[in-house]
Amino acid sequence: MKIQQAYRLPMGFIFAAFLNFTVGAILGGTMAADPALSYRLAPIHAILNPYGWLTLLIYGMTFAVLALSLGVQLPVSSQGWAQLVVAEAGVVLLVIGNLIQSTWPSRTGVVLLVLAPMLFLYNILSGVRYTKRLSRSQESGIKDVLTQLPTSAEAAIQLFGRVPAYRKTDAVGQRGTDVSLMLFIIATVWTAIWNWNDPKGSGLIYSQGLEWLTFYGWIGGTTLSVALHLAPRFLRRPADPAGWWSVLQVGWFGGVLLSVVGSWIGVPWERAGSIVTGIALVGSALGFLWLAVVRRSHSRTGEEASVAASSTVLNSNTSTRGLHGPGIAAWIIGWLFALVLGYELVTYGDPFALSSIHLLFLGFITSLVYAVGYTAFPIILGRRPPHTSLAYVQLICSEIGAMLLIGSFMRIEAGHATSLMLMSGGVLATVGVLMFLALWGLRQPSSRVK
Ligand code: HEM
Ligand code: HEM
């Protein structure tokens, strides 16, 4: 069975993503401790984190979900590895171009940056098409494959698989990932053209519109869409009504596009776009928080029971517990950071101030990654942290670090000096990242997908 193969490719992406994040976070911590180094390190940090960390993680999560739960296989596995090599080489070349102040690595890097999401789109489309053909020719071949899987893979299906009761919100989520990817492809072409004549390989230069497309359109848009796939599965209840999420999604992407156009034609339009994006973020954060809190305050309802009955029937030993413990704590903290960012966007905050960028990437998205990690890694990696209390220590360290770092950026932007707060925030957030990685190394083996 191809499951072992299907499992390796996403793990390759996720491993590379964490490697990039480790280096990116250490650079961030170093800058927080000694801001004088920022002029050298900030451009590298700003390449490694959005492109090397979050973009590669999205690629890896997508392949993991499509393969492990829907049985999607690539016709040729090397096409997935080619995408990984292209994406990582793009990041590495951009960093080298910056380090040695040379044009050719940067030019090659931006070309690879354009190629990677195009290959990703091609891989998804060809994988979905190939798997549909395969299942038609083998008469429910996917079902056969799924029933032969070991129990831990059944747990992956339970966590990520198709559930009729989630179909409507899944359709909204899938539309969101599709739109985000289109925006990213446009953004990378634009980045390549914009950076082509940058004479000294000074790192990526962004325009305001490009940042809207890449940071909020691609990374933020994918995160909100993926959260809509994950929330019902992690919380064991449908996230209805789907119409609510559709309106918020139109608000989010509409606000981003308005801001992009506004960045060309005038500031008032960009302000309007920022406000619409912020309102959509506040609405989404409140919706996800409500789902998490209501789920915890109710015992299993009739609706939940029918959802569970309509999902894959599982051996009770392998059923997943969904979000719990440090996972639910990280999930709630992530959405609280999103609320603060939404408030900033609505109330005239600069969407690209250091405080906003780190509210988005570190406070909001990285906290959600920790939540997904604590919930899904035991199944995907077949490992658990050695002790739950260590996971809480990791989370407290990371979240206090993020709060101090973001708080000190806000104070600096308001004209105050905050060197101790900045340093302690940067160091704690970085130690939090390293602890998260160490927890999966100091694993407690559990059954792994064979
Ligand atoms: C441990 C986590 C992190 C720490 C300690 C950290 C720290 C810092 C610091 C101190 C700066 C200021 C540089 C300056 O003064 O110009 C900075 C800038 C920046 N960071 Fe982070 N950061 C972290 C995570 C992230 C993540 C996850 C992302 C994105 C995915 C990110 C994206 C950026 C960007 C785009 C800049 C602006 C760089 C520039 O102005 O050219 N950071 N970070
Ligand atoms: C930009 C990134 C992504 C793209 C372009 C994408 C695209 C797709 C496509 C084409 C399908 C339909 C597959 C089929 O018909 O068999 C799908 C389904 C799905 N995706 Fe994604 N995906 C992305 C990211 C993710 C991520 C990161 C997750 C979750 C962690 C996810 C969760 C799901 C789920 C649960 C389904 C099944 C929905 C259903 O029942 O139809 N997606 N996605």
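Residues numbered from 1 in each chain as written. Chains lettered and ligands numbered in written order. Predicted model: local features only at pLDDT ≥ 70, side-chain atom pairs only at ≥ 80, totals over all residues. Heavy atoms only, no water.

In this section: the pattern of salt bridges. Applying the stated criterion across every chain, the model contains 1 salt bridge. The salt bridge partner of R233 is D170, with a shortest N-O separation of 2.8 Å. Note that R233 is positioned in helix 8 (residues 208–235) and D170 in helix 7 (residues 167–196), a separation of 63 residues in sequence. Residue R233 is classed as buried on the basis of its relative accessible area, which comes to 6%. (Salt bridge = Lys/Arg side-chain N within 4 Å of Asp/Glu carboxyl O. Helix = DSSP H or I, 4+ residues; strand = E, 2+ residues; numbered from the N terminus. Buried < 20%, exposed > 50% of the residue type's maximum accessible area, 1.4 Å probe, protein only.)

Close to ligand 1 lie 23 residues; S38, H45, N49, H358 and F361 are nearest. With respect to ligand 1, the side chain of N49 contributes an N or O atom lying 3.3 Å from a nitrogen atom. For ligand 1, a nitrogen atom lies 2.8 Å from a polar atom in the side chain of H358. Residue assignment for the shell around ligand 1 shows that the elements contributing at least two residues are helix 1 (3–33), helix 2 (38–68), helix 13 (354–380), helix 14 (388–413) and helix 15 (419–441). (Near = heavy atom within 4 Å. Polar contact = N/O pair within 3.5 Å; in protein donor to acceptor, adjacent residues only side chain to side chain.)

On to the site of ligand 2. Inspection of the region around ligand 2 gives 21 residues, with M61, T62, R162, V226 and H229 positioned closest. Where the shell around ligand 2 is concerned, the elements lending two or more residues are helix 2, helix 4 (103–137), helix 7 and helix 8. For the shell around ligand 2, a count of residues per class yields 12 nonpolar, 4 polar and 5 charged. (Nonpolar A, V, L, I, M, F, W, Y, C, P; charged D, E, K, R; others polar.)

Right, let's get into the packing of helix 13 against helix 15. It is at 12 Å that the axes of helix 13 and helix 15 come closest, and there the two elements cross at 15 degrees. With respect to helix 15, the axis of helix 13 lies roughly parallel. When you trace helix 13 past helix 15, the crossing you get is left-handed. Only A429, G432, V433, F436, L439 and W440 of helix 15 make contact with helix 13, whose side of the interface consists of L362, Y370, G373, Y374, F377 and P378. Taken together, the residues that form the contact of helix 13 with helix 15 break down as 10 nonpolar, 2 polar and no charged. (Axes fitted to C-alpha atoms, helices over the stretch in contact; angles between N-to-C directions. Parallel < 35°, antiparallel > 145°, perpendicular 65-115°, else oblique. Left-handed = near helix turned anticlockwise from the far one by under 90°. Contact = heavy atoms within 4.5 Å.)

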